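For reference, the chains in residue letters:
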Amino acid sequence: MSSSDIFIGETIGTAVLILLGGGVCAAVTLKHSKAQNAGWVAITFGWGFAVLTGAYLAGGVSGAHLNPAVTIGLAIEGGTKWGDVPLYLASQLLGAMIGAVLVWLTYYGQFRAHLTDQDVLRAHSGEEGMVDPAAAPKAGPVLGVFSTGPEIRNAVQNVLTEVIATVVLVLAILTQGLNDDGNGLGTLGALITALVVVGIGLSLGGPTGYAINPVRDLGPRIVHALLPLPNKGGSDWGYAWVPIVGPLIGGALAGGLYNLAFA
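This one's a predicted model, so the numbers in the text were calculated from it and none came from an experiment. (Residues numbered from 1 in each chain as written. Predicted model: local features only at pLDDT ≥ 70, side-chain atom pairs only at ≥ 80, totals over all residues. Heavy atoms only, no water.)

Engineer: Got a minute to help me understand the environment of Gly144 in this structure?
Structural biologist: One can find Gly144 in helix H7 (residues 143-146). The sequence separation of Gly144 and Asp217 amounts to 73 residues, and the corresponding C-alpha distance is 10.0 Å. (Helix = DSSP H or I, 4+ residues; strand = E, 2+ residues; numbered from the N terminus.)

Engineer: How do you make sense of the pattern of salt bridges when you look at a structure like this?
Structural biologist: If the charged atoms of two oppositely charged side chains come close together, the side chains can form a pair. On inspection of all chains with the given rule, the structure shows 4 salt bridges. For Asp119, the salt bridge goes to Arg122, with nearest N and O atoms at 2.8 Å. Remark: Arg122 and Asp119 occur in helix H6 (residues 118-125); sequence separation between them is 3 residues, near one turn of the helix. Of the residues examined, Asp119 reaches a relative accessible area of 46% and is grouped as partly exposed. Look at Arg122 and you get partly exposed, because its relative accessible area is 22%. (Salt bridge = Lys/Arg side-chain N within 4 Å of Asp/Glu carboxyl O. Buried < 20%, exposed > 50% of the residue type's maximum accessible area, 1.4 Å probe, protein only.)

Engineer: Would you mind going over a nonpolar patch on the surface with me for this structure?
Structural biologist: Residues Phe7, Ile8, Ile12, Leu57, Leu94, Ile98, Leu102 and Leu105 make up a contiguous nonpolar surface patch of roughly 670 Å² in combined accessible area. Residue assignment for the nonpolar patch shows that the elements contributing at least two residues are helix H1 (3-29) and helix H4 (85-106). Among the elements that line the nonpolar patch, the one with the most residues is H4, at 4 residues. Here Leu57 shows up in helix H2 (residues 40-62). (Patch = residues over 30% accessible without salt bridge, like charges linked within 9 Å, V, L, I, M, F, W, Y side chains within 5 Å. Areas by Shrake-Rupley, 256 points an atom, 1.4 Å probe, with all protein chains shown as cover.)

Written as structure tokens, this is what we have:
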């Protein structure tokens, strides 16, 4: 496939992935959203459908990696040329940022209402009485709409969780429809991948929020840092390396494991 195919497919596919995935996080989190407090199951299925839609849109154009961990795994497995990897990664990051901006635009009124609500700010800051709107909390009360974060902050465990979850994802992608001819499942693969993502979210997502995709976390985190959101606080850059390093290691391990066990 051409460079333009890779760029267009990965940018659009990843933008749709983040729009729908970040969108369900916004829907569940923000006040004055009809889906507020819908819960973890809604988020996991929302992200699964986001993967399904993005992968289906981009599958015939770029192969629908939509994830640097998948790209690295496929490069190690041999299905993607190493020379194409930088373009895949750059396109995915751009798409993730576009998708995050679209989430903000879609929920613009809800973001403003949520982030100026005194009850929200009081609960987040842990302070009694009124919260000074100018005194933003250390980490914004809507950062979870954009990026992941751990329930227990332990770098080793957090990285390991992301590695394990990403190995499951990438290995499931690499082994789709595996047979004597090495043929895949075609467009049906998008559905299988989406169901795998739902399963990962339900089973392995509790500790860290299951980034399993570096640009899924980094792109929206950059947008969170840049958007003019009132009282948004910090973007937790001290944790940002975990959902980058963990999935990249997981993708590489999955590619190597595939070559050892299935090639």
